[in-house]
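Structural characterization, general
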Amino acid sequence: MKYDVKNIKLAPEGKKRIEWAQQDMPVLEEIKSRFAKTKPLKGLKISCCLHVTCETANLVRTLKAGGADVLLCASNPLSTQDDVAASLVKNYGIKVFAKCGEDKKSYYGNLVAAIKHQPQITMDDGADLLSLLHTKYKKQAFKVKGSMEETTTGVIRLKALEKEGKLMVPIIAVNDAKTKNMFDNRYGTGQSTLDGIIRATDMLIAGKNIVVAGYGWCGRGFASRARGMGANVIITEVDPIKAIEAVMDGFRVMPMSRAAAIGDLFCTLTGDIHVIRKEHFKKMKDGAIVCNSGHFDVEIDIPTLKKLAKKIRKNVRNFVDEYTLPGDKRIYILGEGRLINLAAAEGHPASVMDMSFATQALATEYVVKNYKKLQNKVYYIPESIENWIATSKLKSMKAMIDKLTPEQQKYLASWEIGT
């Protein structure tokens, strides 16, 4: 079996981590048990471009249990857990092409390996795999029955393709599922981003001015958790509705041009490019810390910062680079501007990824059953799948909800009954 991992001898430790995460993913386990019996993915080749973590490992094991021939490559050069990658190869027979810290050439070489796997189904975390299929490997794109996209950034890219009439594959926007973004993005990103920042810097959050760029689900989650640890949180936004929400949630809202001068820590969570740029760096105080928790490393304009700097010290601490500007002002960049929650920490806890990856697995089954009816469009997850996942998760949490009485159902379905 072909694979490309850093050290296959790391497999025993990776196996422990995979099994530990499995204990906290009961919904995905329920799906895996059913897949093992019914084999809904039998004979299919699936290429997954995802963060190679212990939670992802349990997703690809579920796909394999369903009968699929699975290949996994990394969706980010710094997010791969090398022991997990080794274990997937050695212990579970999954083809893995991923190494933590791989350079750009290796990263795209592994994407090519995923395409040469000749998949009928793909999974993406940022749409890099789909982008390559739509540029250099169009002939292979015609063979893909459907693809799942798990990030806000990826969905934006694929909707742009659809709008231009160039989308060649039906897409299921897993990211837009409520069982994904309301929980994974908010609670997962909120906690894991703080975890990554603290691991990288050992900074005290209490009393710090923390600037959060973007008040989507990820920004909301991070802002609320930073406030919970005593930070003075400032929100920057371009969307007036989200800005009003941030104000009413009790946060200060201002442009980045103002926030730049008072922030101790900056974190971008927007999915857009150059959110923090030249004019902001110039206004920052000495010792300002800047990081990103959006999918790609473009939210912080690091190339411009390099030009501004008179001196650069790499790895002054693990995952911390120091840029000294004229006047001896120092700015610290965490995790090379990549996802700080995966670069310096372990990503989202397994419990919340349980729902996200259950959604991925069931979306895959849905595509296999319905691909002949699907057009080259971006689709939302069917409500029936979302409800099943939410119900199963509640059951695993020992939580119960009410049911509508026949009288209540009739009332909600009618228009005649009024005051």
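Refer to the structure presented above.
To start, this report covers the structure provided alongside it. Since the structure is predicted, the reported quantities are computational estimates derived from the model, not experimental observations.

Procedures and definitions
- Residues numbered from 1 in each chain as written.
- Predicted model: local features only at pLDDT ≥ 70, side-chain atom pairs only at ≥ 80, totals over all residues.
- Heavy atoms only, no water.
- Core = buried A, V, L, I, M, F, W, Y, C linked by side-chain atoms within 4.5 Å.
- Buried < 20%, exposed > 50% of the residue type's maximum accessible area, 1.4 Å probe, protein only.
- Helix = DSSP H or I, 4+ residues; strand = E, 2+ residues; numbered from the N terminus.
- Contact = heavy atoms within 4.5 Å.
- Axes fitted to C-alpha atoms, helices over the stretch in contact; angles between N-to-C directions.
- Parallel < 35°, antiparallel > 145°, perpendicular 65-115°, else oblique.
- Left-handed = near helix turned anticlockwise from the far one by under 90°.
- Nonpolar A, V, L, I, M, F, W, Y, C, P; charged D, E, K, R; others polar.
- Polar contact = N/O pair within 3.5 Å; in protein donor to acceptor, adjacent residues only side chain to side chain.
- Pairing = 2+ DSSP bridges.
- Expected span 1.5 Å × (residues − 1).
- Arc of directions from axis to C-beta.
- Right-handed = clockwise from strand over helix to strand, strands pointing away.
- Phe/Tyr/Trp six-rings, centres within 6.5 Å; stacked < 30°, edge-to-face > 60°.
- Lys NZ or Arg CZ within 6 Å of the ring centre and 35° of its normal.

Before going further, it helps to examine the nonpolar core. Counting 52 residues, the largest nonpolar core has L41, C48, L63, L88, V96 and M148 as its most contacted members. No other element matches the 11 residues that helix α16 (residues 350-370) contributes to this core. Contact partners of V96, with chain neighbours within four places excluded, come to Y3, D4, V5, L72, A85, L88 and V89. Counting 27 residues, the second-largest nonpolar core is a separate cluster that includes I210, F251, L334 and A344.

A word on the environment of K398. Along the chain, K398 falls in the loop between α17 (383-396) and α18 (406-413). For K398, a relative accessible area of 74% puts it in the exposed group. In sequence terms K398 and A74 are 324 residues apart; their C-alpha atoms lie 35 Å from each other.

Between helix α3 (residues 54-65) and α16, the shortest axis-to-axis distance is 10 Å and the interhelical angle comes to 30 degrees. When the axes of α3 and α16 are compared, the pair comes out roughly parallel. At the point where α3 passes α16, the crossing takes the right-handed sense. Across the interface between the two elements, E55, T56, L59, T62 and L63 of α3 pack against A350, M353, F357, Q360, A361 and T364 of α16. Among the residues making up the contact of α3 with α16, the classes are represented as six nonpolar, four polar and one charged.

Note on placement: N76 falls in the loop between β2 (69-74) and α4 (82-92). One polar contact links the side chain of N76 to the main-chain amide nitrogen of L78, over a distance of 2.9 Å.

It is worth spelling out the sheet that holds strand β10 (residues 265-268) at this point. The mixed open sheet is built from eight strands, whose spatial order is β9-β8-β7-β10-β11-β14-β13-β12. The outermost strands of the open sheet, each flanked by one partner alone, are β9 (252-253) and β12 (311-317). Note that strand β11 (residues 288-292) and strand β14 (residues 329-334) share three bridges and pair parallel. Across the sheet, the residue bridging to I289 is Y332, located in β14. Along the sheet face, helix α10 (residues 217-228) touches β7 (209-213), β8 (232-236) and β10 and points at about 170 degrees away from the line of β7.

Here we take up the sheet that holds β2. The strand order across the open sheet built from seven strands is β3-β2-β1-β4-β5-β6-β15, with neighbouring strands paired in parallel fashion. Strands with a single pairing partner mark the edges of an open sheet, and in this sheet they are β3 (95-97) and β15 (378-379). Sheet topology note: the strand β1 (residues 45-50)/strand β4 (residues 121-124) ladder contains four bridges and is parallel. Bridging from a neighbouring strand, C48 pairs with M123 of β4.

Further remarks concern the environment of M25. With respect to the helices, strands and loops of the structure, M25 is situated in the loop between α1 (11-22) and α2 (26-38). The spacing of M25 and Y108 is 83 residues in sequence and 31 Å in space, taken between C-alpha atoms. Every residue in contact with M25, bar those within four places of it in the chain, is listed here: E55, N58, A350, M353, D354 and F357.

Turning to α17, a few remarks are in order. Helical periodicity: at 3.6 residues per turn, an α-helix aligns residues three or four positions apart in one direction. The end-to-end C-alpha distance of α17 is 20 Å, a good match for the 20 Å that 14 residues give at a rise of 1.5 Å each. All buried positions along α17 are accounted for by I385, E386, I389, S392 and K393. For α17, the arc enclosing every buried residue in end-on projection is 135 degrees, short of the 170-degree limit, so these residues lie on one face. Exposed side chains of α17 directed beyond 90 degrees from the buried face belong to E383, S384, T391 and K395. Phi for K398, located one or two positions after α17, is positive at around 60 degrees.

Here we come to the pairing of β10. The alternating pattern of β10 places L265 and C267 on one face and F266 and T268 on the opposite face, and all of these are buried. Inspection of the sheet shows β7 paired to β10 by four bridges, in the parallel sense. Paired with V211 across the strands is F266, a residue of β10. Pairing of β10 with β11, which is carried by four bridges, proceeds in the parallel orientation. In the strand pairing of β11, T268 is matched with N292. Handedness of the β-α-β unit built from β10, helix α13 (residues 278-283) and β11 comes out right-handed.

Moving on: the packing of aromatic side chains. For any pair of aromatic rings, geometry is given as the distance between the ring centres together with the angle between the planes. Taken as a whole and assessed by the stated rule, the structure comprises three aromatic pairs. Look at Y107 and Y108: their rings are 5.2 Å apart centre to centre, the planes differ by 90 degrees, and that puts the pair in the edge-to-face class. Taking the relative accessible area as the measure of exposure, Y107 reaches 5% and is therefore buried. Look at Y108 and you get partly exposed, because its relative accessible area is 33%. With a centroid separation of 5.9 Å and 65 degrees between ring planes, the pair formed by Y215 and F251 is classed as edge-to-face. Remark: F251 occurs in the loop between α11 (240-248) and β9 and Y215 occurs in the loop between β7 and α10; sequence separation between them is 36 residues. A relative accessible area of 2% places Y215 in the buried class. Directly above the ring of F251 sits R227, whose terminal nitrogen or CZ lies 4.0 Å from the centroid.

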